[in-house]
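# Working through the structure, step by step
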Amino acid sequence: MTEPENPVRGTAAPSRRHVLAATAAGGAAMAVGTAGTAGAAQGKPAPGAGAPTAAIGPEDPRYLSLAQRGCNARFIGRPDYYRVVHSTAEVVDAVQRAVREGRRIAVRSGGHCFEDFVDHPDIKVVIDMSPMREITYDAERRAFRVEPGAQLAEVYRELFIGWGVTIPAGATAEVGIGGHVIGGGYGVMSRRDGVSVDHLYALEVVVVDKDGTARAVIAERDPDSPHHDLWWAHTGAGGGNFGVVTRYWFRDPGARGDDPTKLLPRAPASFLAFRAGWSWKDLDARDFKTLMRNHGQWCERNSDPGTPYANLFSVLMVNTTQAAGSGAVLAGVIDAAVPGAQRLVDDYIAAVGRGVGAEPAIRRPPLSWLNALTSITDTRSSPFKVKSAYLRKTYTDRQLDVLHDHLRPSDDPAARISGTLWLVAYGGAARKVAPDATAVAQRDSILKAVYMAGWDAETQDGKRQTEWVRSLYRGVYADSGGVPVPGEVSDGAFINYPDADLADPEQNTSGVPWYTLYYKDNYPRLQRVKATYDPRDEFRHRLSIRPAR
């Protein structure tokens, strides 16, 4: 339902699936993802065509493979059946049947939900969107039409090879665009071009009326269009809330004319990649805090839309590993065509490392733009737990102490946790948009923080790892009830990295409800949209929008 740019799958190296972490390992893999628009080659019917697909139940040999499609092996669902759909008509049929039968519905395209919103025991029908992968230019709407089953690698490749354009979305190639976009997906080009929903022109959604009738409607960005509020709700609310998205259309708000090569941002030809790594053996508590403070303060100075660094994207990864050069890793890319790109990178690395006793090990692997964003680095599934937060300023000294205490590897190998903190560059063009113009409310943040722990499902039950990441999170946000309450330093959490703990009063003692952490002042409007388009609450999970009463 919510399919973000998945930052973790695995135990020892949670960064191995992310292009920037692949860069950190010495260069991104060059395998290009499957091409996206070859619908005829895939034997795929045209949109709206084809007989309704049959239900795939537990007795069907395909069932187990569908059940294990989720990226987080912590959850494996057992619905009554799956419906693998190829068109809007088939989605309408699948939703209508489930409503008629009184079965809970979930939707999956890429399978990258971090919680059990799809793989929950109460879910009885899963609508699998993976065959819906068409990517094309729609001349009538002067926009690029993308179906929700397309993976990001396919989207990037087709838009770039066909028209030289792109959208600012995630850096994990195999993420499905379906839930990624509607949660406010971001990625390598977001500091230059904003987030994905800033370029969302329209979308088609299968909704269920009050009388239980399923139908498809098209919601557009134009404020005068009849379903504008439904469009707005899909610009950051996340998946599983209002219905089933069957098609997206993308076009820049300021684009003019009918030349498709000018209707979305131009893609860069290549990236200048970089990696700077510090080992834990070279980082005492003072050096660690200096490094983290330098990084946060640099982001405070260089996250406005007009910054010379708008073309630079980076992740500071702090890992609980003793491997050389892997304790703290600053990895990223910049458009190679930017004047003085190498100097900008050198100055950035120097600013982050200033005053730290040890010099980092630095690599600069070559990286073409297309290969970087279409490289599928790992498809294995392991269990993990993820938490998130937005930062408006760098961490306080007390928070840095907590981070150091939790992230520094234990001297006892048996007590070590496979955990990490990612601080992902944000800001830039994402800050140009007002917090109520889309459902993405956190527009003035400078960083997204991702706290995670993974484990081996065959040898570990995950209890210790889950408690570790919960303890880290509670400690960092101890001054605000264990969660990142919007304020001077923090600004809530990111719905594409859903965390059911935020709705647990034992984990969230702030008195601030989970929906304020995710949506801030936008939540009441989302509730009204929910009441209008899903009045029966057919689409729901533990963090879904509650209808206005």
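Since the structure is predicted, the reported quantities are computational estimates derived from the model, not experimental observations.

About the cut-offs
- Residues numbered from 1 in each chain as written.
- Predicted model: local features only at pLDDT ≥ 70, side-chain atom pairs only at ≥ 80, totals over all residues.
- Heavy atoms only, no water.
- Pairing = 2+ DSSP bridges.
- Helix = DSSP H or I, 4+ residues; strand = E, 2+ residues; numbered from the N terminus.
- Axes fitted to C-alpha atoms, helices over the stretch in contact; angles between N-to-C directions.
- Contact = heavy atoms within 4.5 Å.
- pLDDT = per-residue confidence, 0-100.
- Core = buried A, V, L, I, M, F, W, Y, C linked by side-chain atoms within 4.5 Å.
- Buried < 20%, exposed > 50% of the residue type's maximum accessible area, 1.4 Å probe, protein only.
- Salt bridge = Lys/Arg side-chain N within 4 Å of Asp/Glu carboxyl O.
- Expected span 1.5 Å × (residues − 1).
- Parallel < 35°, antiparallel > 145°, perpendicular 65-115°, else oblique.
- Left-handed = near helix turned anticlockwise from the far one by under 90°.
- Nonpolar A, V, L, I, M, F, W, Y, C, P; charged D, E, K, R; others polar.
- Polar contact = N/O pair within 3.5 Å; in protein donor to acceptor, adjacent residues only side chain to side chain.
- Phe/Tyr/Trp six-rings, centres within 6.5 Å; stacked < 30°, edge-to-face > 60°.
- Lys NZ or Arg CZ within 6 Å of the ring centre and 35° of its normal.

## Re the sheet that holds strand β2 (residues 105–108)
- Spatially, three strands are ordered β1-β3-β2 in an open sheet, and the strand pairing comes out parallel. Looking along the sheet, the strands with just one partner apiece sit at the ends: β1 (81–84) and β2. For this sheet the average axis-to-axis angle between neighbouring strands, irrespective of direction, equals 25°.
- With four bridges connecting them, β2 and strand β3 (residues 125–128) associate as parallel partners. What sits directly across from A106, in β3, is V126.
- Along the sheet, helix α3 (residues 88–101) makes contact with β1, β2 and β3, crossing β1 at roughly 160°.

## Thoughts on the confidence of the model for the chain
- Summary statistics for the chain give a mean pLDDT of 89 and a share of 90% for residues scoring 70 or more.
- Overall, residues 1–50 carries pLDDT values under 50, and its contacts beyond four positions in sequence, including any with other chains, amount to 184 contacts.

## Some words on the nonpolar core
- Within the largest apolar cluster, 135 residues are counted, with the highest numbers of intra-cluster contacts made by M292, Y395, L403 and Y451.
- The element that contributes the greatest number of residues to this core is helix α9 (residues 341–353), accounting for seven residues.

## Here we look at unusual backbone geometry
- Although it is not a glycine, K520 sits at a positive phi angle of roughly 50°.
- Residue placement: K520 occurs in the loop between α13 (514–519) and α14 (523–533).
- We classify K520 as partly exposed; its relative accessible area is 22%.

## Examining the pattern of salt bridges
- Going through the model one piece at a time under the given rule, you end up with 40 salt bridges.
- For the salt bridge of E101 with R103, the shortest nitrogen-to-oxygen distance reads 2.7 Å.
- Across the pair K281 and D282 runs a salt bridge whose closest N-O atoms are separated by 3.4 Å.
- Accessibility expressed as a relative area gives 69% for K281, which makes it exposed.
- Residues joined by salt bridges that share partners form a network here, namely E115, D116, K385, K387, R470, D499, D501 and R542.

## Quick notes on helix α12 (residues 463–476)
- Given a rise of 1.5 Å per residue, 14 residues ought to cover 20 Å, and the 20 Å separating the end C-alpha atoms of α12 matches this to within 8%.
- All of the buried residues along α12 are Q465, T466, W468, V469, L472, Y473, G475 and V476.
- Along its buried surface, α12 packs onto β14 (384–391), α11 (397–407), β15 (419–425) and β16 (447–454).

## Points about the sheet that holds strand β6 (residues 200–208)
- Within the open sheet, the five strands sit side by side as β4-β5-β8-β6-β7. Their pairing is antiparallel. Each of the sheet's edge strands pairs with one partner strand only, and the pair in question is β4 (135–138) and β7 (214–220). Ignoring which end each strand starts from, the neighbouring axes of this sheet average 25° apart.
- Pairing of β6 with strand β8 (residues 244–250), which is carried by six bridges, proceeds in the antiparallel orientation. Opposite V205, over in β8, you have V245 as the bridge partner.
- Sheet strands touched by helix α4 (residues 152–163): β4 and β5 (143–146). Its angle to β4, the strand with the most contacts, is close to 45°.

## A short note on the pairing of β16
- Taken across its eight residues, β16 has eight buried, putting it largely inside the fold.
- With eight bridges joining them, β14 and β16 adopt antiparallel strand pairing. Across the sheet, the residue bridging to A389 is A449, located in β16.

## Considerations on the packing of α11 against α12
- The geometry of α11 relative to α12 is characterised by a closest axis approach of 9 Å and an angle of 165° between their N-to-C directions. One element, α11, and the other, α12, form an angle in the roughly antiparallel class. In the crossing of α11 with α12, the sense of the turn from one axis to the other is right-handed. In contact with R398, Q399, V402, L403, H406 and L407 of α11, α12 contributes W468, S471, L472, G475 and V476.
- The residue makeup of the contact of α11 with α12, split by class, is six nonpolar, four polar and one charged.

## A word on the environment of Q527
- Here Q527 is to be found in helix α14.
- Each C-alpha atom, one on Q527 and one on A233, is 9.3 Å from the other, the two residues being 294 residues apart in sequence.
- Once residues within four sequence positions are removed from consideration, Q527 is found in contact with I545, R546, P547 and A548.
- Here the side chain of Q527 touches R546 through a polar contact of 3.2 Å, landing on its backbone oxygen.

## Quick notes on the packing of aromatic side chains
- If you walk through the whole model with that rule in mind, you get 25 aromatic pairs.
- Ring centres of Y473 and Y477 lie 5.1 Å apart, and the angle between their planes is 70°; on these two criteria the pair is classed as edge-to-face.
- The exposure class assigned to Y473 is buried, which follows from its relative accessible area of 2%.
- Residues Y515 and Y523 carry aromatic rings whose centres are separated by 4.2 Å and whose planes lie at 15° to one another, so their mutual orientation is stacked.
- Chaining the aromatic ring pairs together yields one cluster made of F114, Y186, F384, Y390, Y426, F494 and Y497.
- Here the basic side chain of R251 rests over the ring of Y201, its NZ or CZ set 4.1 Å away from the ring centre.
- Of note, K448 hangs over the ring of Y426, and the distance from its end group to the ring centre comes to 4.7 Å.

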